[in-house]
Every structure is written in structure tokens, then in C-alpha cells.
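One letter stands for each residue in the lines below.
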Amino acid sequence: MRSIRTATAGLVLAVGLSVASMGMVGVASAAPAQPGPRPIKVYPTWHAAQKAVGFQLLKPANTEGLKRRGGILVVACLRRPRTVGSRNRQVTALYSATRRPGGDLVAFSQDSRSHAPCLGPLRRPRGKVIARVHVDGVIAVLTRAHVRLCLRRGSGKPKCSTAVILQLSWAKNRHFYRIMGVGQRPVLIIGFARNLVTVK
């Protein structure tokens, strides 16, 4: 019997932001988010987001037929005693083939510091490791997990279902990268990662 895991705070954030960025009413709910405020800013272009965060960003040259939904999201990392005063930022872009939130979502995140706790528990791959692949000259780890994903529109009762989450993660040049896919094939996630280019 396959295991069903509670979705991590990072997945909740990604799906929640996908709902907001698509201009739809509703919130995503699956697990308690990490405590503390996480100010979110939205930028219309990759260039504007890169200027705001102050580090070299990557963007997909080929989105495997998916369309970006909304702007480029910049989240200030939670400050902890070891990182007080740091300007660690997480940059996320959301892609899907439809405007249905969470149905076929791909979330591409990049963290300015690979050693800092901005990504929290997601810094370590969750779920079963199904592959190790080469991405941009380094080894990336692809994992698969089953999660219970809930979406609530307005004040209505949440609708929950089990979803398969793929996560491809790697670190390079002191930055941490992660691609999470809901309802996607491994070949799409890997192809997405191998078609990243630097933002000019």
C-alpha cells in the first residue's frame, strides 16, 4: 500500500501562490506553514526579479509546453539566529498547461544560499529517490512522494485528493535549486532542468 504523506510547507506555498498568481479566489491547505512572516513580492519579468534579489538567476529556455502563471515571486526567508541580517531570498516561478490550480503544477525555485534554511525541510529531498541525473554539470536528485493535497475556495469546505509529487533538487555555486511537479512525468521535470539558462 502506497504511503500518503502530508504535503510540506513548501508545496503549500507553491500551490497557494499558484492560486493567487492566476487571479483566482481560494487558498491551498495541506500542512501548517512555517511560523513567522514571509513577505512576498511579485515581479513581471526575470530581469526585474534578478535586479531585486541581487544574485544570478536561471530561467527556463524551454518550458516543455507549459506556460508561466503570474509573475516571478520573491519570498524573504525566515530569519533565524544563525542568519539574522542575511538577505537570503527564494525566487519561484510557476508553470502549468491549464489555469486549474494544482492540477499540473511545476514550481521552479532558486535560493540565494544553498547552506541557509530558507527552503526549510525541503533542502533535503523528501520521498523515495528514483533517479540521480546530471544537470548543469552537477548531480541532481529526483524523488517521488505521495501527498494529500487540499484546496479550499473562499470559505467552502476543502477538497482533498492524493497527488504524486516529483522533486528534483541540486546545488551549484552556493545556490540551491528545486523543481517540484504535480501530475508530471519525470522526463518533463528533468528536461525542464536541463533547459535552464542565465537571466541576462
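All of the points below concern the structure found in this document. (Residues numbered from 1 in each chain as written. Predicted model: local features only at pLDDT ≥ 70, side-chain atom pairs only at ≥ 80, totals over all residues. Heavy atoms only, no water.)

### Some details on the overall build of the chain
The following threshold applies: Segments assigned H or I by DSSP are reported as helices when at least four residues long, segments assigned E as strands when at least two residues long, and all are numbered from the N terminus. Burial classes: relative accessible area under 20% of the type maximum marks a residue as buried, over 50% as exposed, and values in between as partly exposed (1.4 Å probe, protein chains only). Every residue pair with non-hydrogen atoms within 4.5 Å of one another is taken to be in contact.
Counting secondary structure elements, the chain contains three helices and 13 strands. By residue count, 49% of the 200 residues in the chain fall in the buried class. Sequence separation of at least 24 residues holds for 64% of the intrachain contacts in the chain that already meet a minimum separation of 6.

### Focus: the pattern of salt bridges
Note the threshold: The term salt bridge refers to a side-chain nitrogen of Lys or Arg lying within 4 Å of a carboxyl oxygen of Asp or Glu.
Inspection of the entire model under this criterion finds one salt bridge. A salt bridge links D136 to K172; the shortest N-O distance between them is 3.3 Å. Taken together, the positions of D136 in the loop between β9 (128-135) and β10 (138-152) and K172 in strand β11 (residues 159-172) put the pair 36 residues apart, joining distant regions of the chain. By relative accessible area, K172 is classed as partly exposed at 24%.

### Some details on unusual backbone geometry
Positioned with a positive phi, E64 is a non-glycine residue whose angle comes to about 55°. Relative to the helices and strands, E64 is located in the loop between β4 (58-60) and β5 (67-68).

### Quick look at helix α2 (residues 46-53)
Condition: By arc we mean the arc of the directions from the helix axis to the C-beta atoms, nothing more.
If you check which residues of α2 are buried, you get W46, A49, Q50 and V53. Looking straight down α2, one finds that the buried residues subtend no more than 100° of arc, so they occupy a single side. Among the structural elements, β3 (40-43), β4, β5, β6 (72-76), β7 (89-96) and β8 (106-111) are those in contact with the buried residues of α2. Once α2 ends, the next one or two residues include G54, with phi positive near 80°.

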